[in-house]
Amino acid sequence: MSGSDKQPAVCLEIRDVVKQFPGVTAVDHINLEIREGEIFSFLGPSGCGKSTLLRIVAGLENQDQGDVLIAGQAVNDLPPYKRDCSTVFQNHALFPHMTVAGNIGFGLVERKVPKAEIKKRVQAKVDLVNLGGMEDRYPHQLSGGQMQRVALARSLVLEPTVLLLDEPLAALDRKLRKEMQVELKRIQREVGTTFLNVTHDQKEALSLSDRIAVMKDGVLLQIGTPNQIYETPRTQFVASFMGASNIFGGSVIDSQDGQLTFKTETGVQVVIPESKDIPDDQITGFSVHPELIDLIQEDAAPERMCTETDVMLPGTVKEVFYLGDFSEMSVMIDDTDIILTVFMTRGWSGPNMKMSQGERVIAQWSGDNMNLLVG
Amino acid sequence: MKKKKIAPKILWVLSVLTLIFLWAPVILIMVYSFSNNKYGSSWEGFTTKWYVKLITNDQVRDALIRSLIIAGITVVVSTLIGTITAYGLYKFNFKGKQFLRTSILLPIVFPSVVTGSALLVFFTRLVHIPLGYPSIIIAHIVFCSPLAVFIILGRMQRFDWSWEEAALDLGATPFRTFIRVTGPQLLPAIMASAMLIFPWSFDDFVITYFVAGVGSTTLPIYVFSQLRFGATPVINTIGTLFVTITMLGLVLVHFIQKTGKSST
C-alpha cells in the first residue's frame with residue numbers, strides 16, 4: 001500500500017470478467033481499474049459489450065466468470081439492491097406514478113432514512129441539478145433533459161461509490177446533449193463521485209472523460225486518456241472509430257539510421273521515424289488525422305520548407321465539402337487508389353481552403369504526426 | 001354503380017337488426033319491471049311496487065347477499081392469483097411454460113356443463129369439499145382467474161421493465177419493488193380484471209348450479225327456480241339489477257383503462 005499516494009485509490013476493479021450470451025461472447029476477459037473521482041468511459045459501437053459490462057457492475061446481469069470489486073470488496077454475490085453503486089438509465093426509467101421529489105427520494109425511503117432528512121437531502125440534490133420548483137411535477141410533465149436530471153439526482157442522492165451512466169445523453173437532441181455534457185462535468189466536480197459512463201459517441205467520450213476504454217466485440221482494445229486515445233490509437237479499429245480517416249495498412253520493409261521505410265498495401269513507400277515503443281516487425285500500419293495534413297498547390301511546392309521526415313505525396317483534389325469553419329477535401333494520391341481526407345481550417349489554410357475540384361496538389365505531413373498501428 | 005350503393009345500406013340495416021335483436025329483450029325486461037301488469041309481460045302503467053317486493057322478499061335478499069359475498073371473495077382471490085400467475089408467466093422461463101400458459105385458458109373455453117360436472121365429481125368424490133360457499137367460491141375462482149391472468153399479462157407486455165431494474169438498483173428488494181413500483185403500475189389492469197370478474201361471478205348460473213348443493217341459492221339460481229312457477233314481475237326487477245350492475249362494471253373498466261393509458 002506504500003507509494004500509491006500519488007494516484008487516488010482504486011474504487012472499482014473488474015477482474016477477468018467474462019459474460020456469454022447464446023452464440024456471442026458479450027464480455028471477453030476484461031480487466032480494469034477505475035480510480036476514485038475520475039470520469040471513466042466505455043466507448044464502442046453498439047453491441048460491443050459496454051452496456052453488458054456496466055450491467056454486470058450494477059448487478060443487473062451476472063458474469064459467467066471473474067470478479068467485480070467495489071471499494072475493494074467483491075460484490076459478485078450481492079444483488080443490485082445491496083451494491084454501493086447506482087445507475088442512470090438511458091431511458092431515465094423514472095417512476096411515472098411518483099413526483100420528482102418522490103423519484104429522487106425513492107432510494108432513501110428504502111434505506112429507512114428519517115423523513116425530515118430525506119426531505120433535506122432530496123432538496124439538496126434538486127438544487128444540484130437545477131430543478132428547483134419542479135419537485136411536485138410528474139415525469140410526464142418534464143422534458144427529456146429534465147427527466148435526465150431527475151434520474152441523475154435520484155442516483156446521486158444515495159451517495160454511491162460509483163455512479164454508472166448507461167448512454168445517459170443518447171436520448172437527447174444535439175443541443176441538449178451538449179448542455180447536459182457541461183452539466184455532467186460540473187456536477188461530477190461538485191460531488192466528486194466516480195462516474196462510469198457508457199457511450200458510442202467518441203466526441204462525448206473525449207470531452208467528458210478523464211480516461212476512456214475502447215471496446216469492440218467484448219474485448220478491451222485500448223485504455224487511455226482522451227489525448228492518448230485520439231492521438232495515438234494503437235489499432236486500425238480504434239483509429240477509425242476515433243475519426244482518423246486516413247489509415248494505411250502495410251509493413252516496414254527497410255530500416256536504417258532511425259528511419260523506417262514503410263510500404264503500404266497499395267504500394268506507396270513512405271519514410272517514417274523509428275518508434276522506440278514498437279518493434280519494427282510489429283508495425284501493421286499507420287494513421288494520420290485529417291487535420292494534420294497540409295495541402296500545397298503543386299506549383300507553389302518548392303517554396304515550402306520541408307524536413308527529411310516530411311511525407312509529400314502528389315495528388316488531385318477530388319471533392320471539396322465546405323463546412324464553414326473548415327473544409328473537408330478528398331485528395332486522390334497519384335498512381336494509387338488512396339483517397340486522403342484533409343481538413344483545411346479557415347485560420348491556418350486561408351485561401352487554400354477554397355481549393356477547387358480537380359486542382360493538382362501535394363499532400364504533406366510531418367513524419368512525427370504519423371501514428372503507428374499494431375493491429 | 002348501383003350495387004356499390006346498396007352494400008353499405010344492407011350492412012347498416014343488418015347492424016341495426018342485430019342491435020335490436022341483442023337489446024330488445026333486455027330493454028323490454030327493464031321497461032316491464034316498472035309495469036303494473038301482474039305477469040310483467042305487458043305495459044299497464046308505471047309502478048315501483050315490484051322493487052318494493054324485491055327488497056322485502058327474504059329469499060331474494062338472502063340470494064343477493066350470498067351472490068355478493070361469493071362474487072366479492074372471487075374477485076379478490078382471482079385477481080391475486082391472476083397477478084401472481086401473470087407475473088410468473090411473464091418474468092420467468094421454465095420448462096412447459098407455453099403449455100401452462102395455454103392450459104390456463106381451458107376453464108374459459110370448456111363448456112360450463114363440463115367444468116361444472118367435473119368440479120362436482122371432484123368435490124364430492126375426491127377431495128370432499130362441502131357443497132355450499134366453499135365449493136361455489138372455489139368453482140368461481142377456477143373460471144375467473146384465467147381472465148385476470150390474461151388481462152394482466154396483456155398489460156405486462158406493454159410494461160417498461162426498466163422501472164423494475166431502476167427500483168432494484170436504487171436499493172429496493174424484489175418484494176419492495178413489487179409493492180412500490182410494479183404493483184402500482186399494474187393496478188389499472190388489476191382493477192379492470194376485477195371489474196370484469198365481478199359480473200362473471202355474480203351472473204354465473206351453470207357451474208354454480210352444479211356445485212351449489214342444497215340451501216345455497218345464489219341469485220341466478222333463485223331466478224331460475226322462480227321461472228318454474230311462471231315469470232313474475234319480480235324476475236324483471238332482478239334482471240334489471242343484473243344489467244345495471246354489469247353495465248356499471250363495464251363503464252368503470254372503460255374509465256380505468258382510459259386513465260391507465262394517459263398515465264403512462
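Enquirer: Which residues make up the overall build of chain A, and what are the values?
Expert: Within chain A, the regular secondary structure consists of 9 helices and 20 strands. C-alpha extents for chain A along the principal axes are approximately 80 × 45 × 45 Å. Taking all 375 residues of chain A together, the buried fraction comes to 39%. In chain A, of all internal contacts separated by at least 6 residues, the share reaching a separation of at least 24 is 65%.

Enquirer: How would you explain the pairing of strand S17 (residues 326-333) of chain A if you had to name every residue and give the values?
Expert: Residue and element names in this part refer to chain A. Sheet topology note: the strand S16 (residues 311-322)/S17 ladder contains 7 bridges and is antiparallel. When the sheet's bridge partners are listed, Gly315 is paired in S17 with Ile333. Between S16 and S17, which pair antiparallel in sequence order, lie 3 residues; one of them, Gly324, sits at a positive phi of approximately 90°. Looking at chain direction, S17 and strand S18 (residues 339-345) are connected through 7 bridges and run antiparallel. Bridge pairing links Met329 to Val342 in S18. From the end of S17 to the start of S18, which pair antiparallel, there are 5 residues, and Asp335 there has a positive phi angle of about 60°.

Enquirer: Which residues make up the confidence of the model for chain B, and what are the values?
Expert: Low pLDDT marks stretches whose predicted atomic positions should not be read closely. Taken as a whole, chain B shows an average pLDDT of 86; of its residues, 95% reach a score of 70 or greater. Mean pLDDT across the elements of chain B bottoms out in helix H12 (residues 233-262) of chain B (77) and peaks in helix H8 (residues 162-169) of chain B (93).

Enquirer: Explain the environment of Asn227 of chain A to me, and be specific about the residues and the numbers.
Expert: All names here are of chain A. Tracing the backbone shows Asn227 in helix H7 (residues 226-231). Taking the C-beta count within 10 Å as the criterion, Asn227 has 10 such neighbours and is therefore assigned exposed. Distance in space between the C-alpha atoms of Asn227 and Arg211 is 9.1 Å, their sequence separation being 16 residues.

Enquirer: Any details on the pairing of strand S2 (residues 24-35) of chain A? Residues and values, ideally.
Expert: Residue and element names in this part refer to chain A. Relative to S2, strand S1 (residues 10-21) runs antiparallel, the two sharing 8 bridges. Bridge pairing in S2 links Val10 to Arg35. Two successive antiparallel strands, S1 and S2, enclose a turn made up of 2 residues, where Gly23 displays a positive phi of approximately 85°.

Enquirer: Can you lay out the environment of Arg211 of chain A for me, pointing to particular residues and giving the numbers?
Expert: When you line up the elements, Arg211 of chain A lands in strand S9 (residues 211-216). Overall, the presence of 18 C-beta atoms within 10 Å leaves Arg211 of chain A in the partly exposed class.

Enquirer: Can you break down the sheet that holds strand S3 (residues 39-43) of chain A residue by residue, with the values?
Expert: All names here are of chain A. With respect to topology, 6 strands assemble into an open sheet ordered S6-S7-S8-S3-S9-S10, the strand pairing being mixed. In this open sheet, the two strands that pair with only one neighbour each are strand S6 (85-88) and strand S10 (219-224). The mean angle between the axes of side-by-side strands here comes to 20°, regardless of whether they run parallel or antiparallel. Relative to strand S8 (residues 194-199), strand S7 (residues 162-166) runs parallel, the two sharing 5 bridges. In the strand pairing of S8, Leu165 is matched with Asn197. On the sheet, helix H4 (residues 144-156) packs against S6 and S7 and is oriented at approximately 175° with respect to S6.

Enquirer: Lay out the packing of helix H2 (residues 100-110) of chain A against H4 of chain A in plain terms, naming residues and giving numbers.
Expert: Residues and elements named next belong to chain A. Direction vectors running N to C along H2 and H4 enclose 30°, while the axes themselves pass 7 Å from each other. The angle between H2 and H4 falls in the class roughly parallel. Of the two possible hands of crossing, H2 and H4 adopt the one that is right-handed. Counting all contacts with H2, which are made through Val100, Asn103, Ile104, Phe106 and Gly107, the residues of H4 involved are Val150, Ala153 and Arg154. Looking at side-chain class alone, the contact of H2 with H4 contains 5 nonpolar, 2 polar and 1 charged residues.

Enquirer: Now, about the interface of chain B and chain A: what can you tell me, with residues and values included?
Expert: At the interface, 16 residues of chain B touch 18 residues of chain A. Of all elements in the fold, only H8 and helix H9 (174-203) of chain B reach the threshold of two or more residues within the side of chain B that touches chain A. It is H8 of chain B that provides the largest number of residues to the side of chain B that touches chain A, a total of 6 residues. Split by residue class, the side of chain B that touches chain A holds 7 nonpolar, 6 polar and 3 charged.

Enquirer: Describe the packing of H4 of chain A against helix H5 (residues 174-191) of chain A, and please don't skip the residues or the numbers.
Expert: The relative placement of two packed helices is expressed as an angle between their axes plus a distance between the axes. Residues and elements named next belong to chain A. As a packed pair, H4 and H5 sit with axes 11 Å apart at the nearest point and diverge in direction by 20°. With respect to H5, the axis of H4 lies roughly parallel. In this structure, H4 crosses over H5, and the sense of that crossing is right-handed. In this structure, H4 uses Gly144, Gly145, Gln148, Leu152 and Leu156 to contact H5, whose residues at the interface are Leu176, Glu179, Met180, Ile187 and Val191.

Enquirer: So what about the sheet that holds S18 of chain A? Which residues, and what values?
Expert: Residues and elements named next belong to chain A. Strand order in the open sheet formed by 5 strands is S15-S19-S16-S17-S18, with antiparallel pairing between adjacent strands. What marks the edges here is a single partner per strand, and that holds for strand S15 (294-297) and S18. Along the sheet, successive strands turn relative to each other by an average axial angle of 45°, direction set aside.

Reading the values: rules and limits
Residues numbered from 1 in each chain as written. Chains lettered and ligands numbered in written order. Predicted model: local features only at pLDDT ≥ 70, side-chain atom pairs only at ≥ 80, totals over all residues. Helix = DSSP H or I, 4+ residues; strand = E, 2+ residues; numbered from the N terminus. Buried ≥ 20, exposed ≤ 12 C-beta atoms within 10 Å, placed from the backbone. Contact = placed C-beta atoms within 7 Å. Pairing = 2+ DSSP bridges. pLDDT = per-residue confidence, 0-100. Axes fitted to C-alpha atoms, helices over the stretch in contact; angles between N-to-C directions. Parallel < 35°, antiparallel > 145°, perpendicular 65-115°, else oblique. Left-handed = near helix turned anticlockwise from the far one by under 90°. Nonpolar A, V, L, I, M, F, W, Y, C, P; charged D, E, K, R; others polar.

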